[in-house]
Every structure is written in structure tokens, then in C-alpha cells.
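# Observations on the model geometry
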Amino acid sequence: MAKVTVILTSYNKPNTVGAAIESVLSQSFQDWDLWIMDDASNEETQQVIDSYMLYPNVYYYNSQVKDEERHKSTRYATLINEAISRSTGDYLCYLTDDNYYLPERLQKMVQYLDRYPSVDVVYSKQLVRTVDNQLITQAERIRPTKGTIRYAENIVDHCSVMHRRSLAEKVYETYGSYWNDDPICWHNGDAFFWNRLSAFALFYPINEVLDVCLKSPTSFQALNAFLPEYLPSGTLVKGLGADVYLIEDNHRRAITPTMFQQLHYREENVVHIPDPVLFKYKEGPAIDEHIWEQGKLFPNHRLIKASQEPHIYYVENHRKRHILTHKEFRLYKFRASEVVEVSRSFLDSIPTGPPISAHVNNQHPLPEGLLVRCGFKFYLSGNNRLYPIKSRVMKKLNLQMKNAVFLDSRAIGRYEQGETIEWKTNKCQPRFNTSS
């Protein structure tokens, strides 16, 4: 029988990576090597992995990638390419740190490939288990096989395939790499690779469930789905770590827990995003106690007023805009509970911008960061423009319809429209395209 190389990609999943490793150790087929390709995970994850380093056929690789470099390639594809070049197995298969194999997975796939030398790729059914953050099952379904197929992209999962190394070498000779690790492949890198395999081979089914896929709220696909390419300024975000950031001026500004409370931010508005998306934004000045030292450090899209004074202002583009009356306050759906009281001297340190009026014009531009509704269409305001926004993107960004400001079509017509805020899904390259 041939030897199998299992390539496990890992990043910050301490609660599940151990089960993934155990599922390989527990295989009925024993002629394998396991390559754990870790992408500079946190210490907790690395401690779990370290506990398996005594096994002679388990190999470990740490990319040591810097966080700010994560967005520059599809990291798991980069790691897989590294593992293929380092390993020696005749057959290759893949595993992620939130999936696991059933005990006969390797044996059944090896037997099939050994029995049929003309077959280069096999795939199986998969149990897809939706779990919450505590790994409690919420739902289950079976991802079926579809017979013998050539076009497997978006049909066959990353962890349900085994193929011959010789097929991977054909891919390399044609494309100059194994997996395509261009950043456009982040959401469905396996689909891009299956497309490459399809130039040379068919996918043959094994009609049994041989692996289990855990879909949790922190899986990359769940975090990435429906995110626009550029997050609107004023978006609160959080990656896999504990820190919360404000996206502002195309930077990420870390917010301390104390300031999160003092500035009346709301947990329900925090958008959970993948770390590569988070760290593609350069780090800006932290939102901490130092914001009280310079008005220009105060975050935008906050309501402020001087203590013991009635006037309320909206901070926008690092200037304060006076909200003229209660009419404007209600019209633009500002919240009294979010008004931050500051000292008069601090208020005076923030430059003054144009006031906010119900009668918008060049002297009284529309406030920025508003969700605007006209009929069944929604927009985000910014730079005195309206940017159409797709409903699924609104939901992803925790923008609620009930908070939308209503404008009629005549009012909408006064504004220049910007580019639509949407999730641009990346499709696979054309089938059988042999360009690198």
C-alpha cells in the first residue's frame, strides 16, 4: 500500500485542533505522516499542538507570519504548498483545525486508489455539523456525493478529498504552484485548487461519510461571508482575539474596555471579522485615556456635549457639528443614551464644522455614517454622498433597518451616489486555464 501525507492547517483553534490531530492518530490505516502547518497561532493553540510532538510521524511547521502580512496571501493555501514540497506521501489529503476524520477514512480512500490505478482523485460524503461557540450542536446535514464529476468546485469540501501526489506535480508543472494562494482565493481556496485538478482528472465518489466538518461562528467562511472589501469608517470590529477596534480613516484603532463603556459603544454593533481582514488595516492611535489630551484623537461618529450645557454635537471628520434642534436629533435617529459629556475646554479643542440641519445643502451636509432608506433601497451616508448597500451586507455589519433614516426619492436625488457597498464573491479562474 502507498503512504499517505495528511496536511492539517491550523490557526487559533485550541478547542478543536486536538480532536483533528487525534482523528489522524486513530486511523485504522497506519502508514501516514501528519504535517501540522500552524500559521503563528496563539500560545494556547501551540500548547495543544506541542502535546503531540512525541509521535514520530507527526511533523510541525510554524509560519511565524506577522499579523500585518496575513492578508497578502491565502494563508492556508500558502501553508499547504509548503507542506506538499516538504512531505513524501504518495497520496495527499487535507484537514483543517475544526474538522476531523472518521477512523476508516484513510483506509477506504487508499484502498480505492490502490484498486483503480487510473483514478487520481476520490472524495466522500461529509457530515456537516453546525455548532455554537461552546461546540454544542445546533444542526446537522450530510453533504452528499454527486457521482463521478469533473467540476468539483463549491461541491466537494477541503477535507473530503484524497489525490495522488503525481497529480499535484502535474498541477505544479502547469501553474507554477500547487494551490493558488492569491488573496482572491481566501473564501474558497479549495474550489480554486479543484479547478486546477479538473484539468487532468475526474473526482470519483466514495458514498460514505468519512469526515466531519464543524461550522462554528468563528470559522473563516462564517466570519468572511458578506463582508465588503472595504469596511465603512465607524465600523466596530473584532477578530479572533479579545480586542475591539474602530475602523477609522482606513486604520484600526484599538478601544480599551473602559473607553468602550465611557463612549457608549454597544456590543450589539461589534462586527466579528477574520483576522486577515482585521490586520490589513494599519494600526492607528488607540482609543484610550489619551483621547482626552487632544481633540483630534477623539473618535468620529460620537455625540458629545459640555457638562451642564444643552447643545449637542456630532463628531465627524474630527470636527464637531452642532445639531441645531430636537427636530434634527429625531430626524437622524440619534440616541440620547449615546451622548458623551465632556468638559467645556475639551469641547472647544475640537474644530467646528457645519451645523446639522433638517434642510440639507452645501452649507448643511448630511451627517456621515447614517443608514438611509428610500422605499426598499438602503444607503450609507459619507462625504455628502449616498452609497447603496446590499441587505446581506447591512445584516453582516449589524446595521438594523429600524435605525434607518427615511428620505423620499426627491431628497435622495439631491445626492451623488457612490459605489455600491457589497460583498464581491471571487469566482474560480476559468476551467482549464493554464496561466499562472
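Sequence order sets the numbering: in each chain, residues are counted from 1 along the sequence as written. Per-residue local features of the predicted model are confined to residues with pLDDT of at least 70, and side-chain atom pairs are confined, for both listing and counting, to 80 or more; whole-chain, interface and lining totals are unaffected and use all residues. Based on all heavy atoms of the structure, the side-chain values leave hydrogens and waters out of the count.

### Considerations on the packing of aromatic side chains
- Pairing of aromatic rings covers Phe, Tyr and Trp, the last through its six-membered ring, and needs centres within 6.5 Å; plane angles under 30 degrees mean stacked, over 60 mean edge-to-face, and all others mean tilted. Tallying each qualifying case throughout the model produces 20 aromatic pairs.
- Look at F193 and W194: their rings are 5.8 Å apart centre to centre, the planes differ by 50 degrees, and that puts the pair in the tilted class.
- By relative accessible area, W194 is classed as buried at 0%.
- One aromatic cluster is present, formed by Y94, W179, F193, W194 and F203 through successive ring pairs.
- Two conditions define a charge sitting above a ring: the NZ of Lys or the CZ of Arg must be within 6 Å of the ring centre, and it must be within 35 degrees of the ring normal. When the ring centre of Y101 is taken as reference, the NZ or CZ atom of R105 above it lies at 4.2 Å.
- Taking NZ or CZ as reference, K280 lies 5.3 Å from the ring centre of Y230, over its face. Partly exposed describes any residue whose relative accessible area lies between the buried limit of under 20% and the exposed limit of over 50%, with all areas from a 1.4 Å probe on protein chains only and scaled to the type maximum.

### Quick notes on the side chain of T96
- Mapped onto the elements, T96 comes out in strand 4 (residues 91-96).
- The class of T96 is buried, set by a relative accessible area of 15%.
- A distance of 2.9 Å separates polar atoms of two side chains, one belonging to T96 and the other to D98. A run of H or I in DSSP counts as a helix once it spans at least four residues, and a run of E counts as a strand once it spans at least two, with each numbered from the N terminus. The term polar contact refers here to a pair of N or O atoms within 3.5 Å; inside protein, the definition further demands a hydrogen-donor-capable atom paired with an acceptor-capable atom, and it admits residues adjacent in sequence only when both atoms are side-chain atoms.

### Examining the nonpolar core
- Core analysis: the biggest nonpolar cluster contains 31 residues, and V4, V6, I21, L34, L106 and M162 have the highest contact counts within it.
- Where this core is concerned, the elements lending two or more residues are strand 1 (4-10), helix 1 (17-25), strand 2 (32-38), strand 4, helix 4 (105-115) and strand 9 (203-215).
- We call two residues in contact whenever any of their non-hydrogen atoms come within 4.5 Å of each other. Not counting the four nearest positions on each side in its chain, M162 is found in contact with V4, Y91, L92, C93, R105, L106, M109, V110, L113, D120, V121 and V122.
- With 30 residues, the next largest nonpolar core counts Y94, V161, L167 and Y175 among its residues. In these notes, a set of buried Ala, Val, Leu, Ile, Met, Phe, Trp, Tyr and Cys residues joined through side-chain atoms within 4.5 Å is what counts as a nonpolar core.

### Some points on the sheet that holds strand 15 (residues 303-306)
- The criterion for strand pairing is that DSSP finds at least two bridges linking the strands in question. Read across the open sheet, the four strands follow the order 17-16-15-18; overall the sheet is mixed. Here the strands that pair on one side only, and so sit at the sheet edges, are strand 17 (319-322) and strand 18 (339-342). The sheet shows a mean angle of 40 degrees between the axes of neighbouring strands, taken without regard to direction.
- As paired elements, strand 15 and strand 18 share four bridges and run parallel to each other. Bridging across to strand 18, A306 finds its partner in V342. The axes used here are C-alpha line fits, helices contributing only the stretch in contact, and every angle between their N-to-C directions lies in the interval 0 to 180 degrees.

### A look at the pairing of strand 20 (residues 377-382)
- Of all six residues in strand 20, five are buried, a share of seventy percent or more.
- In the sheet, strand 19 (residues 371-374) pairs with strand 20 via four bridges, with the strands oriented antiparallel. Residue L371 lies in a different strand from strand 20, and its bridge partner there is L380.
- In textbook terms, the turn of a hairpin is the stretch between consecutive antiparallel strands, and for strand 19 and strand 20 this stretch comprises two residues, one of which, G375, has a positive phi near 65 degrees.

### A short note on unusual backbone geometry
- Phi is positive for N250, which is not a glycine, with a value near 60 degrees.
- For N250, a relative accessible area of 52% gives the class exposed.
- Despite not being glycine, N398 shows a phi value in the positive range, around 60 degrees.
- By the secondary structure assignment, N398 is in the loop between helix 12 (391-396) and strand 22 (405-406).
- Residue N398 is classed as partly exposed on the basis of its relative accessible area of 25%.

### Here's the deal with the environment of P285
- Note that P285 resides in the loop between strand 14 (282-283) and strand 15.
- Accessibility expressed as a relative area gives 44% for P285, which makes it partly exposed.
- Considered as a pair, P285 and I7 are 278 residues apart in the sequence and their alpha carbons are 39 Å apart.
- Setting aside residues up to four positions removed in sequence, P285 forms contacts with R253 and L297.

### A closer look at helix 3 (residues 75-86)
- Helix length check: helix 3, at twelve residues, gives a terminal C-alpha distance of 17 Å against a target of 16 Å (1.5 Å per residue), a fit within 8%.
- For helix 3, the complete set of buried residues consists of R75, Y76, A77, L79, I80, N81, A83 and I84.
- Elements that come into contact with the buried residues of helix 3 comprise strand 1, strand 2, strand 3 (58-62), strand 4, helix 5 (165-175) and helix 6 (189-197). Under the convention used throughout, the expected extent of a helix is 1.5 Å for every residue step, that is, one less than its residue count.

### Concerning the sheet that holds strand 10 (residues 236-238)
- Judged by pairing direction, the sheet is mixed, and its five strands sit side by side in the order 13-10-11-12-14 without closing on themselves. Two strands bound the open sheet, and with one partner strand each, they are strand 13 (271-272) and strand 14.
- In this structure, strand 10 lies alongside strand 11 (residues 244-248), joined through three bridges in antiparallel fashion. Bridge pairing in strand 11 places L236 opposite L246.

### Structural notes on the pairing of strand 3
- Note that strand 2 and strand 3 share five bridges and pair parallel. The partner of M37 across the bridge, within strand 3, is Y61.
- The handedness of a crossover follows from its direction of travel: if, with the strands pointing away from the viewer, the path from the first strand over the helix to the second runs clockwise, the crossover is right-handed. The parallel pair strand 2 and strand 3 is bridged by helix 2 (residues 43-50), and the resulting crossover is right-handed.

These results come straight from atomic positions and should not be treated as a statement about function.
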